[in-house]
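So the chains spell out like this:
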Amino acid sequence: LSLPHWRKPDQRLRIGGGYGRYAYSGDRRYPGQRTATRNIDFKAETSFTEGLAGYLWRLGPLTAKAFAGVAMIGHSIAPDDPLASTGTKIGPKAALELWLNLGNSAFASLDVTYTSAHTTYSANSRVGYRVLPTVSLGLEGGINGSAGKAEDDCACGTTATGMLDPAHRDVRAGAFARYEWFGGEVSISGGLSTDLVGRRDPYLRASWIAQY
């Protein structure tokens, strides 16, 4: 099969990290009791560090990147939440990133990641338009989640939840502004964060990417 538009894949090395804080509430059983519950407010902090190696391919307007490596993720929650996966865990990570130029000014992207550390996953997409050569505005949406636990109906203990369990699922929809230059980019985004059941909260995210 001949694909003349494919360019030779370029090797890539990525080192990343991040930090975040959030708050939530939920019904939990009183310690030592089988059925009584109360609503508890939780405050949480999370951080991650990762090292990934991979390749970049270009096929006309499409750019694809695939990575594999190791991630370390930490979750700290106060007071302790018996239904959350907490502590620091390390595991293999895989990532796929797709970027499609839609003409000279518009673009679309899709980033998908998974790591066994806290069984963490994400799928995020953007559609943007360059209002200036270095400034883009657009819309974004995605889903993020991790492992968790659910209380058994018999109050005997907890069981592991599925990856899409609402209690450990975060779906986001919002807008972003992005400034790019030859060596990287800075973006700010915000919008609505929800579990698609009852929680609806605003979110704000800032990111910086540098290329060497």
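Heads up: the structure comes first, above all this text.
The structure contained in this document is the topic of the report that follows.

Each value, and the rule that gives it
- Residues numbered from 1 in each chain as written.
- Predicted model: local features only at pLDDT ≥ 70, side-chain atom pairs only at ≥ 80, totals over all residues.
- Heavy atoms only, no water.
- Pairing = 2+ DSSP bridges.
- Helix = DSSP H or I, 4+ residues; strand = E, 2+ residues; numbered from the N terminus.
- Axes fitted to C-alpha atoms, helices over the stretch in contact; angles between N-to-C directions.
- Polar contact = N/O pair within 3.5 Å; in protein donor to acceptor, adjacent residues only side chain to side chain.
- Contact = heavy atoms within 4.5 Å.
- Salt bridge = Lys/Arg side-chain N within 4 Å of Asp/Glu carboxyl O.
- Buried < 20%, exposed > 50% of the residue type's maximum accessible area, 1.4 Å probe, protein only.
- Phe/Tyr/Trp six-rings, centres within 6.5 Å; stacked < 30°, edge-to-face > 60°.
- Lys NZ or Arg CZ within 6 Å of the ring centre and 35° of its normal.

**Let's talk about the sheet that holds strand S5 (residues 106-115)**
Right, so step 1: Taken together, 10 strands build an open sheet; the order of strands is S1-S2-S3-S4-S5-S6-S7-S10-S11-S12 and the sheet is antiparallel. Unpaired on one side and paired on the other, strand S1 (10-29) and strand S12 (200-210) mark the two borders of the sheet. Sheet twist, expressed as the average angle between the axes of neighbouring strands with direction ignored, equals 20°.
Right, so step 2: Relative to strand S7 (residues 135-145), strand S6 (residues 120-132) is paired through 11 bridges, and the arrangement is antiparallel.

**Let's talk about the pairing of strand S10 (residues 169-181)**
Right, so step 1: Examined bridge by bridge, S7 and S10 share 11 bridges and lie antiparallel to one another. Paired with Ile143 across the bridge in S10 is Val171.
Right, so step 2: The pairing of S10 with strand S11 (residues 184-194) spans 11 bridges and is classified as antiparallel. When the sheet's bridge partners are listed, Trp181 is paired in S11 with Gly184.
Right, so step 3: In this structure, the hairpin formed by S10 and S11 is closed by a connection of two residues.

**Concerning the side chain of Glu140**
Right, so step 1: Mapped onto the elements, Glu140 comes out in strand S7.
Right, so step 2: Only 3.0 Å separates the side chain of Glu140 from the side chain of Ser189, close enough to count as a polar contact.
Right, so step 3: For Glu140, the contacting residues outside a window of four places in its chain are Ser125, Arg126, Arg172, Ala173, Gly174, Ala175, Phe176, Ser189, Tyr203 and Arg205.

**Some points on the side chain of Ser187**
Right, so step 1: Relative to the helices and strands, Ser187 resides in strand S11.
Right, so step 2: For Ser187, the side chain forms a polar contact with the side chain of Ser207, separated by 2.7 Å.
Right, so step 3: Among residues more than four places away in sequence, those in contact with Ser187 are Arg126, Ala177, Arg178, Arg205, Ala206 and Ser207.

**Re the pattern of salt bridges**
Right, so step 1: A full pass over the atoms with the stated rule returns 11 salt bridges.
Right, so step 2: Close ionic contact of Arg58 with Asp10 constitutes a salt bridge, the shortest N to O distance being 3.5 Å. Of this pair, Arg58 sits in strand S2 (residues 37-59) while Asp10 sits in strand S1, placing them 48 residues apart in sequence.
Right, so step 3: The salt bridge involving Arg199 is made with Asp170; its shortest N-O contact spans 3.3 Å. Placement of the pair is Arg199 in the loop between S11 and S12 and Asp170 in strand S10, with a sequence separation of 29 residues.
Right, so step 4: Classification of Asp170 by relative accessible area gives buried; the value is 14%.
Right, so step 5: Among the ionic contacts, a cluster of salt bridges with common partners joins Arg130, Arg178, Glu180 and Glu185.

**Description of the packing of aromatic side chains**
Right, so step 1: Overall, the coordinates contain six aromatic pairs when judged by the stated rule.
Right, so step 2: A centroid spacing of 4.5 Å and a plane angle of 15° characterise the contact between Trp99 and Phe107, whose relative ring orientation is stacked.
Right, so step 3: For Phe107, a relative accessible area of 1% corresponds to the buried category.
Right, so step 4: Relative to Phe176, the ring of Phe107 lies with its centre 6.4 Å away and its plane at 50°, an arrangement referred to as tilted. Of this pair, Phe107 sits in strand S5 while Phe176 sits in strand S10, and the two are 69 residues apart along the sequence.
Right, so step 5: With a relative accessible area of 4%, Phe176 lands in the buried category.
Right, so step 6: Through a chain of ring-to-ring contacts, the aromatic side chains of Tyr22, Tyr24 and Phe42 assemble into a single cluster.
Right, so step 7: The cationic tip of Arg14 hangs over the ring face of Phe67; the distance from NZ or CZ to the ring centre is 4.3 Å.
Right, so step 8: Sitting over the face of the ring of Phe176, Arg126 holds its NZ or CZ atom 4.2 Å from the ring centroid.

**Considerations on the pairing of S12**
Right, so step 1: Examined bridge by bridge, S11 and S12 share 11 bridges and lie antiparallel to one another. In the strand pairing of S12, Ser189 is matched with Arg205.
Right, so step 2: Between S11 and S12, which follow one another and run antiparallel, lie five residues, and Leu196 among them has a positive phi close to 70°.

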